[in-house]
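The residues making up each chain are set out below.
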Amino acid sequence: MEIRKYSSLTVISDPVVLMVKIRTVLKSWIQSDFLYRFVHSPVALCSSAMVLLCLGAALFAPWIAPFNPFDLATLELSDARLPPMGMQGADVKYLLGTDDQGRDILSALMYGSRISLLIGLVSVILSVMIGMSLGLISGYVGGRIDSLVMRICDVMLSFPAILLALLISGVGRALFPQQSDLVAFAVLILSISLSGWVQYARTVRSSTLVEREKEYVQAARIAGVSGSRIMRLHVLPNVLGPVVVLATVQVATAIITEATLSFLGVGAPPTSPSLGTLIRVGNDYLFSGEWWISIFPGLMLVLISVSINLFGDWLRDALNPRLS
Amino acid sequence: MTKLNHLNHSNSKIIKSLKSVKVLSGFLIALCSIHFAFHSDPAQAVTFKVANQGDALSMDPHSLNESLQLMVNSQVYEALVMRDKDFKLAPGLATTWKQSSPSVWHFDLRKNVKFHDGTPFTADDVIFSFERARGEGSDVKAYVGQIKEIKKINDYSIDIITNAPFPILPELITQWFIMSKKWCEDNSATKPVDRRKGIENAASFKANGTGPFRVRERQPGVRTVFARYGQYWGEFTGNVDEVIYNVIGNDATRVAALLSGEIDMMEPVPVQDVDRIKATPKLKVLQGPELRIVFLGMDQKRDELLYSNVKGKNPFKDKRVRQAFYQAIDIDTIKNRVMRGASTPTALMIPPQDRGYPAELAKRLPYDPEAAKRLLTDAGYPSGFEVKMNCPNDRYVNDAEICQAVAANLAKVGVKINLEAETKGTYFPKILSRNTSFYMLGWTASTVDAHNVLYPILSSPGEGGRGQYNLGAYSNPRIDELTEKVQSETDDKKRNEFIKEAMKIHQDDIGHIPLHQQALNWGVKSNIDMLQFPDNFTQWRYVNIRP
């Protein structure tokens, strides 16, 4: 049964089969408990709406943001440090006020969360890929490889993730001193994902250990299917559940890690500031009472990470058969 | 009003949280003092804790000609001629001096002065320091560049022979510091530390001068501890036994450290926090004009810029491009917004306090982006071009913010600036090796005389420290000629005419783009008396901490 179900993924190339497949998937999706629970959970609805809102604002920033804060030619220095609407001296043009260079905070938020979300998503995908493959191999193959990978995990876990990320980005900067934005982003993403893969490796390993002993895997093995194929097509789909949940929650963590690195000045390049960079810039003006430069990016960060976390929590409960 | 209320509200919260920090630190201090009461003599050591946005890059007084570096070095090392409390020339390691003939200065040296390691100070140390300061790797060549040789008459008198008649020699050598020959030889530090080539030696971390303080502990970029030198020969009116010099790069953190009482004095106060510190009881802000002029320089020597998308030619060689840059910068808005009024836009490379200031030239070209665009079009860049700009972010007041504003101004006339703002530890070695196309620099004429700008900044780079800080290699032979005349002219009226002519030529050429004169803002506890010098120097020996 299991073998048939998942190896049918390989016949996707036929368009008719594909259509039928999509229809059945959609149908089972609409009739599933999952969707029912989703529609009937206010937490899930609210948090996913928030996530979508942030995603939308970030994705469509170039079209919906009132200004492009990183186009230097449009900046008006004479509009610097204007307070948000409702305060004395505010300008209608700038809903949430402006920063020290006259950038519109609202637009900066949209562009900033674009970078934060992008870095968060990409680094989580990367760490899922690293962690999942290592976890699968170590769980399935076992033996020395297993102990080796798990000891590496133990070592990694004994450091705080942020320290590891700092270390990796420091080394990365030393290796690639020419400060091109692309390199800076690559180093940043690499440092976050290399400090976050351990949890996936552990999760996947433990599920793999269970799946490895099940009949369908043994049947496949007897049928002469190669180890790597068993891992990819048989074990992997059955251990994906917890990974999806973990990854969702980890997106928020990755975004916060990125913000922390940027706040410390080793993250996103100043020419394309993320939320953390914006908070850092505003930090210099907290004492002088210009709170809006750092508070709004901070709120945005809280909003994004809280709604992603809530959604992840709900997802964990919804996918857990013991909790229904 | 709403804004004010908001301000007070958020401030009171911060104050509350700070108060708890204060209580805690108070408790700790109490603990420490108990500790002291048991372990030290009854007369308690007075510690003065200062914080600055940057560190001296080295303890070697010949390694970098930069005000902060020299200020820190001047606590440990001393010059033959120094400045007194009124910023007038005063005897230092030399007791008297006179010009015995037009190009010979006779100096009598101070007797019974000992270096911190106990070696007596003699004429040999002066001659050694001269060779060291003019030798390879030195960054203070400009101070001794006009000296041909130093003749030792006996251990305590020397003749300084200059290349040409040189009436302003005493002014110029106030920041040429004397090191011990024996100590340098013992520590293999006979050549200066050269940051550009990454050469370090013992003099970078240790120090042995004749000054009022000795270096007790040095952690580069973090903190340096100085202890009072008991056998100091000179006037020491303060009561400070120990100075802890901290480096706190972040503006907000530095302000917080002062507000919480963790430090006694910090500099510079970020312009946005001046009012807040003034309003805090137990704190005050010492303000005054600073001699420093902040300006922008452009590479006018290379045939192709190192960092630009224009290939095969150098746009900055064209005066129209330089003028376009000048007129594109909205200096008044920078003053009002970035500097919050704490700057004076300037048209000249010297401040009004300097000897020879030509007041009639003090008129900036108007801010005019349209004219700038036209000039760029005439020069063959109708759609602008791209160039990298180098900028420090912890040296001058709001330096990186000024550069950002300049970049935004230039973007409006089509010039795309790739801004690279970095800490001075990496910034200075980079631009001093002329590895830049467009840069920012601030200059304080330590002699309070136009010559100290003409010689190192406006003259063509050459021998003996000439044009050593003319990093874009702007060059006009007439200015070189006039600088030599200024150097040897004794008649003030004629001399001022030369200065004026040189300044006018430089202004017409737009050799550099002057921005503004900074203001000094020091945040100090109210129970501390100290002197503020217009070259932004602190003299710790005059610091008096009242209980």
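Computed from a predicted structure; not experimentally measured. (Residues numbered from 1 in each chain as written. Chains lettered and ligands numbered in written order. Predicted model: local features only at pLDDT ≥ 70, side-chain atom pairs only at ≥ 80, totals over all residues.)

Chemist: Outline the overall build of chain B, supporting the account with residue identities and numerical values.
Modeler: Broken down by element type, chain B carries 17 helices and 19 strands. Scaling as 2.2 N^0.38, a compact globule of 547 residues should have a C-alpha radius of gyration of about 24 Å, and chain B matches this with 24 Å. Projecting the C-alpha coordinates of chain B onto the three principal axes gives extents of approximately 75 × 70 × 40 Å. Of the contacts formed within chain B by residues at least 6 apart in sequence, a portion of 70% connects residues at least 24 apart. (Helix = DSSP H or I, 4+ residues; strand = E, 2+ residues; numbered from the N terminus. Rg over C-alpha atoms; globule rule 2.2 N^0.38 Å. Contact = placed C-beta atoms within 7 Å.)

Chemist: Could you give an account of the overall build of chain A, with specific residues and numbers?
Modeler: The helix and strand tally for chain A stands at 14 helices and zero strands. Reading chain A from its N end, one meets helices and strands in the order α-α-α-α-α-α-α-α-α-α-α-α-α-α. Its C-alpha atoms give chain A principal-axis dimensions of roughly 75 × 45 × 40 Å. Residues classed as buried in chain A amount to 43% of the 324 residues present. Long-range contacts, defined here as pairs at least 24 residues apart, represent 69% of the contacts in chain A between residues at least 6 apart. (Buried ≥ 20, exposed ≤ 12 C-beta atoms within 10 Å, placed from the backbone.)

Chemist: Give a detailed account of the sheet that holds strand S4 (residues 94–101) of chain B, specifying residues and quantitative values.
Modeler: Residue and element names in this part refer to chain B. The strand order across the open sheet built from four strands is S4-S5-S7-S6, with neighbouring strands paired in antiparallel fashion. In this open sheet, the two strands that pair with only one neighbour each are S4 and strand S6 (147–154). Strand-to-strand twist of the sheet, defined as the mean angle between neighbouring strand axes without regard to direction, takes the value 20 degrees. Relative to strand S7 (residues 157–162), S6 runs antiparallel, the two sharing six bridges. Considered in S7, the bridge of Ile 150 is made with Ile 160. Here helix H3 (residues 123–134) sits on the sheet in contact with strand S5 (104–109), S6 and S7, set at roughly 165 degrees to S6. (Pairing = 2+ DSSP bridges. Axes fitted to C-alpha atoms, helices over the stretch in contact; angles between N-to-C directions.)

Chemist: Quick rundown of the interface of chain A and chain B? Include the residues and the values.
Modeler: Between chain A and chain B, the residue contacts involve 20 residues of the former and 26 residues of the latter. In terms of residue class, the side of chain A that touches chain B is built from 11 nonpolar, seven polar and two charged. (Nonpolar A, V, L, I, M, F, W, Y, C, P; charged D, E, K, R; others polar.)

Chemist: Break down the nonpolar core for me, citing the residues and quoting the values.
Modeler: If you look at the biggest cluster of nonpolar residues, it comprises 226 residues, and the most contacted ones within it are Ile 105 of chain A together with Leu 80 and Val 453 of chain B. Setting aside residues no more than four positions away along its own chain, Val 453 of chain B makes contact with Met 349, Ile 350, Trp 443, Ala 445 and Leu 458 of chain B. (Core = buried A, V, L, I, M, F, W, Y, C linked by C-beta atoms within 7 Å.)

Chemist: Just give me the short version of the packing of helix H10 (residues 198–212) of chain A against helix H12 (residues 227–263) of chain A, but keep the residues and values in it.
Modeler: Residue and element names in this part refer to chain A. The N-to-C vectors of H10 and H12 enclose an angle of 145 degrees; their axes lie 9 Å apart at closest approach. Along this stretch, H10 crosses H12, giving a crossing that reads as right-handed. Contacts between H10 and H12 pair Gln 199, Tyr 200, Thr 203, Val 204, Ser 207, Thr 208, Glu 211 and Arg 212 from the former with Val 235, Asn 238, Val 239, Pro 242, Val 243 and Leu 246 from the latter. (Left-handed = near helix turned anticlockwise from the far one by under 90°.)

Chemist: Break down unusual backbone geometry for me, citing the residues and quoting the values.
Modeler: A cis amide bond, omega -5 degrees, links Glu 267 of chain B with the succeeding residue Pro 268 of chain B. Of note in this structure, Arg 81 of chain A is not a glycine but carries a positive phi near 55 degrees. Mapped onto the secondary structure, Arg 81 of chain A falls in the loop between helix H5 (61–64) and helix H6 (105–141). Here the phi dihedral of Ser 188 of chain B falls at roughly 45 degrees; this positive angle occurs in a residue that is not glycine. Checked against the element boundaries, Ser 188 of chain B lands in the loop between helix H6 (181–186) and helix H7 (202–205). Residue Ser 188 of chain B is classed as exposed on the basis of its 10 C-beta neighbours within 10 Å.

Chemist: So what's going on with the packing of H6 of chain A against H12 of chain A? Residues and values would help.
Modeler: Residues and elements named next belong to chain A. H12 packs onto H6 with a crossing angle of 145 degrees between their chain directions and a minimal axis gap of 7 Å. Seen along the crossing, H6 lies across H12 with a hand that is right-handed. For the pair formed by H6 and H12, the contact residues are Ser 116, Leu 117, Ile 119, Gly 120, Leu 121, Ser 123, Val 124, Val 128, Met 132, Leu 136 and Tyr 140 on the first element and Gly 227, Met 231, Val 235, Leu 236, Val 243, Ala 247, Gln 250, Val 251, Ala 254, Ile 255, Glu 258 and Ala 259 on the second. Looking at the contact of H6 with H12 residue by residue, the class counts come to 17 nonpolar, five polar and one charged.

Chemist: How would you sum up helix H13 (residues 399–411) of chain B? Please name residues and give values.
Modeler: Residue and element names in this part refer to chain B. Over its 13 residues, H13 extends 18 Å from the first C-alpha to the last, a length consistent with the 18 Å expected when each residue adds 1.5 Å. Of all 13 residues in H13, 11 are buried, a share of seventy percent or more. Along H13, the positions that sit buried rather than exposed are Asp 399, Glu 401, Ile 402, Cys 403, Gln 404, Ala 405, Val 406, Ala 407, Ala 408, Asn 409 and Leu 410. Lining the buried residues of H13 we find helix H10 (319–328), helix H11 (331–338), strand S14 (386–392), strand S15 (416–422), strand S16 (438–443) and strand S17 (512–525). (Expected span 1.5 Å × (residues − 1).)

Chemist: Hey, could you go over the pairing of S7 of chain B for me, with residue numbers and the actual values?
Modeler: Residues and elements named next belong to chain B. A one-sided burial pattern is seen for S7, the buried positions being Ile 158, Ile 160 and Thr 162 and the unburied ones Ser 157, Asp 159 and Ile 161. Taken together, the five bridges between S5 and S7 define a ladder with antiparallel strand orientation. Residue pairing in the sheet places Val 104 in a bridge with Ile 161 of S7. The antiparallel hairpin formed by S6 and S7 contains two residues in its connecting segment.

Chemist: Tell me about helix H17 (residues 492–509) of chain B, and please be specific about residues and values.
Modeler: Residues separated by three or four positions in an α-helix point in the same direction, a consequence of the helix having 3.6 residues per turn. All names here are of chain B. With 18 residues, H17 extends 26 Å between its outermost C-alpha atoms, agreeing within 8% with the 26 Å of an ideal straight helix rising 1.5 Å per residue. Along H17, the positions that sit buried rather than exposed are Arg 495, Phe 498, Ile 499, Ala 502, Met 503, His 506 and Gln 507. Projection of H17 onto a plane perpendicular to its axis shows the buried side chains occupying an angular sector of 165 degrees, all on one side. When the buried face of H17 is taken as reference, the exposed residues oriented beyond 90 degrees from it are Lys 493, Lys 494 and Asp 508. Residues of H17 that are buried sit in contact with helix H15 (451–458) and helix H16 (477–488). At the exit of H17 stands Ile 510, carrying a positive phi of roughly 50 degrees. (Arc of directions from axis to C-beta.)

Chemist: Can you break down the environment of Ile 248 of chain B residue by residue, with the values?
Modeler: Topologically, Ile 248 of chain B is positioned in the loop between strand S10 (242–247) and helix H8 (251–259). In this structure Ile 248 of chain B comes out as buried when scored by C-beta crowding, with 22 C-beta atoms within 10 Å.

Chemist: Can you tell me about the environment of Gly 56 of chain A, naming the residues and giving the values?
Modeler: Mapped onto the elements, Gly 56 of chain A comes out in helix H4 (residues 42–59). Distance from Gly 56 of chain A to Arg 114 of chain A, taken between C-alpha atoms, is 9.3 Å for residues 58 residues apart in sequence.

Chemist: Just give me the short version of the confidence of the model for chain B, but keep the residues and values in it.
Modeler: Residue and element names in this part refer to chain B. On average, residues of chain B carry a pLDDT of 89, and 92% of them reach 70 or more. At the level of individual helices and strands, chain B shows its lowest average pLDDT in helix H1 (residues 2–39), which scores 45, and its highest in H10, which scores 97. Predicted confidence is poor over residues 1–24, with pLDDT under 50, and the contacts of this stretch with residues over four places away or in other chains come to 18 contacts. This stretch, residues 26–42, has a pLDDT under 50; its non-local contacts, to residues over four places away or in other chains, come to two contacts. Here the complex is predicted with pTM 0.80, and the ipTM for its interfaces comes to 0.71. (pLDDT = per-residue confidence, 0-100.)

Chemist: Describe the environment of Asp 14 of chain A, listing the residues and the values that go with them.
Modeler: If you trace the backbone, Asp 14 of chain A turns up in the loop between helix H1 (2–7) and helix H2 (15–30). A tally of 10 C-beta atoms within 10 Å means that Asp 14 of chain A is categorised as exposed.

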